[in-house]
Amino acid sequence: MDYNVNSEGYYGEFGGAYIPEILYGNVKNLREQYLEIMSDPDFRAEFDNLLRDYVGRPTPLYFASRLSERYGARVYLKREDLNHTGAHKINNTIGQILLARRMGKTRIIAETGAGQHGVATATVCALKGMRCIVYMGETDIARQKLNVQKMEMLGAEVRPVTSGNKTLKDATNEAIRDWCCNPADTHYIIGSTVGPHPYPDMVAQFQSVISSEIKNQLQRHEGRDWPDYLMACVGGGSNGAGTFYHYLDDMRVKLVASEAAGLGVDSGETAATIHLGKRGIIHGSRTFVMQDEDGQITEPYSVSAGLDYPGIGPMHANLAVTGRSQVVAVTDDEALAAAMELTRLEGIIPAIESAHALGALGKMDFRQEDVVVLTLSGRGDKDMETFVEYFNSTRQEGS
Ligand SMILES: *Cc1c(COP(=O)(O)O)cnc(C)c1O
């Protein structure tokens with residue numbers, strides 16, 4: 001079986017491009033050009049140079065000896081937390097800004113929830129001197145002040161969105177509306193492996209640098225270029241897609257995706273889209289969507305702002321239904337405990353999103369000799385308030 005995208009933009013039954021007619025031109029343009037631009041040697045050279053000198057790649061593959069001892073396997077961490085701006089998202093925004101320039105675009109738009117993708121986009125716009133407009137729900141603006149300030153310092157205009165719940169879904173709708181009105185000069189940088197084809201494939205390819213590095217680094221560490229397990233958290237699925245990419249068809253490698261269970265899969269307060277979602281269409285893509293009986297999208301919940309998306313990238317929907325990946329639901333409590341554990345065992349404070357991947361370690365059935373690579377998608381600086389609040393409240397409960 002082929003787990004990658006087909007020429008029509010589908011992963012099995014998932015994906016495609018379900019878009020209003022007014023966007024046909026934009027999406028068609030992108031679809032017709034992205035593969036050619038991305039395979040151009042000059043493009044590759046510029047992309048690779050920026051990843052090396054600006055982002056700081058390759059990121060280390062770190063053998064975590066105390067974590068390994070704790071879980072009874074050989075556990076490596078792929079350190080995306082050490083990238084410039086603190087997460088894997090910059091890999092994609094670097095790729096897309098270079099692509100936008102080659103397509104002759106001068107204006108960049110993006111949507112953001114927690115602000116991480118907004119900051120990564122504002123960063124590359126500053127780097128390339130491009131105009132940058134970031135749509136962000138009013139609720140999120142209030143919750144994520146620091147990221148708003150960073151975007152503004154970087155020269156981006158943050159446009160508050162006041163429709164719906166004033167969160168990510170509404171910001172995405174606003175960005176799409178903008179793109180409809182400004183097709184000629186504007187490129188829309190989507191932040192994950194979601195949206196209409198070719199976005200999921202394009203973003204997965206930009207992020208696939210993660211798994212090509214893992215191959216080289218494992219060869220050096222272990223004398224073989226494949227692990228027994230690859231583990232990543234999935235919101236829209238971009239760090240997971242990048243981690244799995246070069247191993248999709250290598251059946252020796254078990255793929256494990258962690259999604260955010262919030263207060264519990266059956267609690268009504270969750271973002272466990274693959275566990276609970278029904279087939280539907282969200283933001284131009286056929287995939288699993290959390291929705292009520294009338295097909296209304298339900299508001300997801302997770303302690304981690306980067307994982308509370310009511311959909312899932314089509315690649316991951318297909319990996320899950322075909323049984324290629326194992327999907328583990330990790331609750332807020334499990335993720336926060338895992339974040340504390342990594343901090344105390346290895347001296348690394350992870351992003352709350354990444355802590356959901358760590359939270360799955362205890363649910364696996366490892367053998368001592370298994371080689372496990374877990375992608376640490378980001379660092380925890382942005383989450384300090386949440387950590388402090390949580391550990392203070394549990395300490396009080398415990399006393
Ligand atoms: C945004 C984000 C995620 C979730 O996005 P994916 O597209 O699923 O990778 C995960 N980890 C961190 C640190 C993030 O910022």
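Draft legend 1. Examining the overall build of the protein more closely. Secondary structure assignment for the protein yields 16 helices and 14 strands. Taken against the 2.2 N^0.38 rule, which gives 21 Å for 399 residues, the C-alpha radius of gyration of the protein at 20 Å falls within 12% of a compact globule. Dimensions along the principal axes, computed over C-alpha positions, put the protein at roughly 55 × 50 × 40 Å. Burial statistics for the protein: of 399 residues in total, 59% are counted as buried. Relative to all contacts within the protein whose residues are 6 or more apart in sequence, the contacts with residues 24 or more apart total 74%. With the model as given, the accessible surface of the protein reaches about 16,000 Å², and the carbon-plus-sulfur share is 47%. Taking the average place of the 39 positive charges on the side chains of the protein and the average place of its 52 negative ones, the gap between the two points comes to 4 Å.

Draft legend 2. View of the site of the ligand. If you check the shell around the ligand, you find 18 residues, and the closest are Lys89, Ser192, Gly235, Ser238 and Ser377. Within the side chain of histidine 88, a nitrogen or oxygen atom sits 2.9 Å from an oxygen atom of the ligand. With respect to the ligand, the side chain of serine 238 contributes an N or O atom lying 2.7 Å from an oxygen atom. Taking 390 Å² as the accessible area of the ligand by itself, protein coverage stands at 97%.

Draft legend 3. Region of interest: the nonpolar core. In terms of nonpolar packing, the biggest core is built from 73 residues, with Leu99 and Met151 touching the most fellow members. Here this core gets six residues from one element, more than from any other, and that element is helix α4 (residues 89-102). Those residues in contact with methionine 151 that sit more than four places away from it in its chain are Thr112, Gly115, Gly118, Val119, Ala122, Val134, Met136, Ala156 and Val158. Counting residues in hydrophobic clusters, the runner-up holds 36 residues, among them Leu77, Ala260, Ala271 and Ala360.

Draft legend 4. Inspection of the packing of aromatic side chains at higher detail. The tally for this structure, following the rule as stated, stands at eleven aromatic pairs. Arranged with centres 5.8 Å apart and planes meeting at 70°, the rings of tryptophan 179 and tyrosine 188 form a pair that is edge-to-face. Here the two residues tryptophan 179 and tyrosine 188 agree in accessibility, since each one is buried. Within the aromatic cluster, the residues linked to one another by ring pairs are Phe43, Phe47 and Phe206. For the cation-ring pair, arginine 224 lies above tryptophan 226, with the distance from its terminal atom to the ring centre recorded as 3.9 Å.

Calculation notes
- Every chain's residues receive numbers from 1 upward, in the order its sequence appears when written.
- Restriction of local features to residues with pLDDT of at least 70 applies here, the model being predicted, together with a cutoff of 80 or more for giving and counting side-chain atom pairs; totals for whole chains, interfaces and linings are based on all residues.
- As a rule here, side-chain values come from all non-hydrogen atoms in the structure, and water together with hydrogens is ignored.
- For helices the rule is a DSSP run of H or I covering at least 4 residues; for strands it is a run of E covering at least 2, with both sets numbered from the N terminus onward.
- Note on method: radius of gyration uses C-alpha positions; expected globular size equals 2.2 Å times residues raised to 0.38.
- Each residue gets one of three labels from its accessible area relative to the maximum for its type: buried under 20%, exposed over 50%, partly exposed in between, using a 1.4 Å probe on protein chains only.
- In what follows, residue pairs with any heavy atoms lying within 4.5 Å of each other are defined as contacts.
- Accessible areas in this description were obtained via Shrake-Rupley with a 1.4 Å probe; residue shielding takes into account the shown protein chains only.
- Positive charges come from Lys and Arg alone, negative charges from Asp and Glu alone, with His and the N- and C-terminal ends not counted.
- For charged residues, the charge sits on one atom: NZ in Lys, CZ in Arg, CG in Asp, CD in Glu.
- The nearness test applies per residue and asks whether one of its heavy atoms lies within 4 Å of the molecule or strand.
- Distance and chemistry together define a polar contact, namely a pair of N or O atoms within 3.5 Å, with one atom able to donate a hydrogen and the other to accept it when in protein, and with adjacent residues in sequence counting only for side-chain atoms on both sides.
- Side-chain atoms within 4.5 Å are what join buried Ala, Val, Leu, Ile, Met, Phe, Trp, Tyr and Cys residues into a set we call a nonpolar core.
- For Phe, Tyr and Trp, rings pair up if their centres lie within 6.5 Å, where Trp contributes its six-membered ring, and each pair is then called stacked (planes under 30 degrees apart), edge-to-face (over 60) or tilted (otherwise).
- Counted as over-ring charges are cases with an Arg CZ or a Lys NZ within 6 Å of the ring centre that also lie within 35 degrees of the ring normal.

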